[in-house]
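# Structural description and commentary
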Amino acid sequence: EVMDWLTFEGYEVRDAANGKLGLEAINQSIPDLILCDIAMPELNGREVLIEVRSKTHLSHIPFIFLTAASDRDSIRKGMELGADDYLTKPFTHAEVLKAVRSRLERKVIQERQVQTQIDTLVRAFDEEHEKRLLKSRLVAMFSHDFRNPLAGILAASGILRNYNDRLTPEQ
């Protein structure tokens with residue numbers, strides 16, 4: 001029923017018969033969002049959530065539990081494990097769509113923020129690189145400019161040292 005609602009709304013939907021197959025599907029093709037029941041064979045929903053949150057490349061995916069377990073402890077435990085939302089049965093078409101849209105919109109905002117941070121870091125890195133190049137050029141220029149006057153002084157002192165015995169005190 002939920003898959004039909006989401007398909008009707010234009011979402012691409014994939015399902016799995018159990019938690020283990022669901023986790024395999026997630027690893028094969030990383031989804032934009034995960035809707036998961038808690039009571040499933042092989043791996044239950046909490047175990048799937050723990051696996052998803054433990055993998056860096058999957059941990060950012062919004063995760064929504066759809067379940068009949070509506071007691072306060074079940075909800076709290078799901079949220080503590082890292083679920084983004086928790087819809088209890090019976091839920092309406094509108095509730096599911098609102099949760100899905102909300103989580104996908106939040107994901108887009110977070111991705112934009114991350115991209116902004118990456119862009120800022122790239123600009124800072126480029127600026128730092130330019131500063132290092134400028135510093136390197138300035139050091140090269142200063143050492144060249146310091147060497148020129150010193151070369152004349154060293155040449156003159158060398159002449160004085162080498163020809164000291166041939167020069168008069170006035171010279």
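Here we summarise the structure given alongside this text.

Our next topic: the sheet that holds strand S2 (residues 63-67). Taking strand neighbours across the sheet as the criterion, the 3 strands line up as S1-S2-S3 in an open arrangement whose pairing is parallel. The open sheet terminates on both sides in strands that have one partner only, identified here as strand S1 (34-36) and strand S3 (85-88). Averaged over all neighbouring strand pairs, the angle between strand axes comes to 20°, with direction disregarded. Running over the sheet, helix H3 (residues 45-54) touches S1 and S2 and is turned about 180° from S2. Helix H4 (residues 72-80) rests against S2 and S3 of the sheet, and its axis sits at about 155° to S3.

Nonpolar side chains collect at one region of the surface, where Leu134, Leu138, Met141, Phe142, Phe146, Leu150, Ile153 and Leu154 lie side by side and expose about 820 Å² of accessible area between them. When its relative accessible area of 54% is taken as the criterion, Ile153 is described as exposed.

Glancing now at H3. Of all the positions in H3, only Gly45, Arg46, Val48, Leu49 and Val52 are classed as buried. The buried residues of H3 occupy an angular sector of 155° when projected down its axis, which confines them to one face. Its buried side turned inward, H3 meets helix H2 (19-28), S1, S2 and H4.

Definitions and limits used
- Residues numbered from 1 in each chain as written.
- Predicted model: local features only at pLDDT ≥ 70, side-chain atom pairs only at ≥ 80, totals over all residues.
- Heavy atoms only, no water.
- Pairing = 2+ DSSP bridges.
- Helix = DSSP H or I, 4+ residues; strand = E, 2+ residues; numbered from the N terminus.
- Axes fitted to C-alpha atoms, helices over the stretch in contact; angles between N-to-C directions.
- Contact = heavy atoms within 4.5 Å.
- Patch = residues over 30% accessible without salt bridge, like charges linked within 9 Å, V, L, I, M, F, W, Y side chains within 5 Å.
- Areas by Shrake-Rupley, 256 points an atom, 1.4 Å probe, with all protein chains shown as cover.
- Salt bridge = Lys/Arg side-chain N within 4 Å of Asp/Glu carboxyl O.
- Buried < 20%, exposed > 50% of the residue type's maximum accessible area, 1.4 Å probe, protein only.
- Arc of directions from axis to C-beta.

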